[in-house]
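Structure at a glance
Below, each chain spelled out in residue letters.
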Amino acid sequence: MTNIITIDGPSGVGKGTVSLKIAKHLGWNILDSGALYRILALIAKRNQISVKDENQLVKLANELDIEFIPSDDLSKLQIIYAKQDITSEIRNEIYGSMASQIAVNAKIRTALLARQRAFYILPGLVADGRDMGTVVFPEAKYKFFLTASCEERALRRYKQLINIGIYVRLSELALEIANRDKRDSMRTTAPLVAAPDAITIDTTELSIEEVVEQILNKMVL
Ligand code: C5P
């Protein structure tokens, strides 16, 4: 059993923020796996590659020139692709939606496996995504699955986007993330599902700090 905490769950549940806070508390490395799929989506859009072009996307996935740089206080994760800061750009829901269309493909998912596993370095890793506890790190010592009502998740994502200067309509965003969650849950490869040994936390009524506290309390390090 390795020193890995997996935090899976649907869009907008707050996994990213919670993961950063836990990683900071423990001094562990962090993997934002969704960012990998979003980066593929961004490159595909820039190069007019279809989300269905398996060969090109697998090639891109094998060659990704990316770097994740946590800020000194671990409050943010800077994402660099080919020396360019794309941290905010990939948060646009266009890339969220394209990412989930790309993410249904089993070969592309396989191409990203080794890269995701390489994020595990001592003393430990906090990994957030959809299949961290089920597929990428099934041996993780601590597995969590976060949920929240659709309304609450749309609102959280809305506030997060406004904070980084991306303006969207709440109603449209709610619809987009509902579609994305449906696609992520229904796909045959690595669907969005809690690992059998994961602890599920409904965060609808909880603050970020309360979620972090619950997770830390449930861990016996
Ligand atoms: O977490 P985030 O919203 O950035 O993820 C974007 C999309 O990437 C998800 O909707 C999902 O389709 C895909 N994804 C995935 N597996 C992961 C992380 C993200 O399929 N581990």
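The rules behind each value
- Residues numbered from 1 in each chain as written.
- Predicted model: local features only at pLDDT ≥ 70, side-chain atom pairs only at ≥ 80, totals over all residues.
- Heavy atoms only, no water.
- Phe/Tyr/Trp six-rings, centres within 6.5 Å; stacked < 30°, edge-to-face > 60°.
- Helix = DSSP H or I, 4+ residues; strand = E, 2+ residues; numbered from the N terminus.
- Buried < 20%, exposed > 50% of the residue type's maximum accessible area, 1.4 Å probe, protein only.
- Salt bridge = Lys/Arg side-chain N within 4 Å of Asp/Glu carboxyl O.
- Near = heavy atom within 4 Å.
- Polar contact = N/O pair within 3.5 Å; in protein donor to acceptor, adjacent residues only side chain to side chain.
- Areas by Shrake-Rupley, 256 points an atom, 1.4 Å probe, with all protein chains shown as cover.
- Nonpolar A, V, L, I, M, F, W, Y, C, P; charged D, E, K, R; others polar.
- Core = buried A, V, L, I, M, F, W, Y, C linked by side-chain atoms within 4.5 Å.
- Pairing = 2+ DSSP bridges.
- Axes fitted to C-alpha atoms, helices over the stretch in contact; angles between N-to-C directions.
- Contact = heavy atoms within 4.5 Å.
- Parallel < 35°, antiparallel > 145°, perpendicular 65-115°, else oblique.
- Left-handed = near helix turned anticlockwise from the far one by under 90°.

Let's shift gears to the packing of aromatic side chains. This structure, assessed with the given rule, holds one aromatic pair. A ring pair is formed by Phe 68 and Phe 119, whose centres lie 5.2 Å apart and whose planes are at 85 degrees; its orientation type is edge-to-face. With Phe 68 in strand β3 (residues 66-70) and Phe 119 in the loop between α5 (106-117) and β6 (125-129), this pair connects stretches of sequence that are 51 residues apart. Given a relative accessible area of 14%, Phe 119 falls into the buried group.

With that settled, consider the pattern of salt bridges. Taken as a whole, this structure holds 13 salt bridges when the rule is applied. Between Arg 46 and Glu 89 there is a salt bridge, with its nearest N and O atoms 3.1 Å apart. Of this pair, Arg 46 sits in helix α2 (residues 33-46) while Glu 89 sits in the loop between β5 (84-85) and α4 (93-102); the two residues are 43 residues apart in sequence, bridging distant segments of the chain. Among the residues examined, Arg 46 registers a relative accessible area of 38% and is labelled partly exposed. Across the salt bridge formed by Glu 172 and Arg 169, the nearest N and O atoms sit 3.5 Å from each other.

So, on to the site of the ligand. As a matter of local geometry, the ligand sits amid 16 residues, with Arg 38, Arg 109, Asp 131, Arg 180 and Asp 184 nearest to it. At 2.6 Å from an oxygen atom of the ligand is found a side-chain nitrogen or oxygen belonging to Arg 38. Here an oxygen atom of the ligand sits 2.9 Å away from a polar atom, N or O, in the side chain of Arg 187. Starting from 460 Å² of accessible surface for the ligand in isolation, the protein chains cover 98%. Where the shell around the ligand is concerned, the elements lending two or more residues are α2, α4 and α8 (170-186). Considering every element that reaches the shell around the ligand, the biggest residue donor is α2, with four residues. Looking at side-chain class alone, the shell around the ligand contains four nonpolar, four polar and eight charged residues.

Across soluble globular proteins, you tend to see nonpolar side chains buried next to one another. In terms of nonpolar packing, the biggest core is built from 62 residues, with Ile 5, Ile 22, Ile 39, Leu 64, Phe 137 and Ile 215 touching the most fellow members. Considering each element in turn, this core owes the most residues, nine residues, to α2. Of all hydrophobic cores here, the second largest spans five residues; its members include Ala 154, Leu 161, Ile 166 and Ile 177.

The strand order across the open sheet built from five strands is β2-β6-β1-β7-β8, with neighbouring strands paired in parallel fashion. Two strands in the sheet have a free side with no partner beyond their single neighbour: β2 (29-32) and β8 (199-202). Here the strands of the sheet are splayed against their neighbours by 20 degrees on average, with no regard to which way each runs. Judged from the five bridges that link them, strand β1 (residues 2-8) and strand β7 (residues 140-147) form a sheet pairing that is parallel. The partner of Ile 7 across the bridge, within β7, is Phe 144. Contacting β2 and β6, α2 runs over the sheet at an angle of about 45 degrees to β2.

Okay, the pairing of β3 next. Bridge count for β3 against strand β4 (residues 77-81) is five bridges, and the pairing is antiparallel. Looking at the pairing, Ile 69 lines up with Gln 78 of β4. Connecting the antiparallel pair β3 and β4 is a turn made up of six residues, with Leu 74 showing a positive phi of about 55 degrees.

Read from one edge of the open sheet, three strands run β3-β4-β5, paired in antiparallel fashion. The sheet is open, and its two edges are formed by β3 and β5, each paired on a single side.

So, on to the packing of helix α1 (residues 15-26) against helix α9 (residues 208-218). The contact between α1 and α9 brings their axes to 10 Å, and the two run at 55 degrees. As the angle between them shows, α1 and α9 are arranged oblique. Taken as a pair, α1 and α9 cross one another with a handedness that is right-handed. Contact with α1, carried on its side by Thr 17, Val 18, Lys 21, Ile 22, His 25 and Leu 26, involves Ile 208, Glu 209, Val 211, Val 212, Ile 215 and Leu 216 of α9 and no other residues of that element. Looking at the contact of α1 with α9, its residues break down into eight nonpolar, two polar and two charged.

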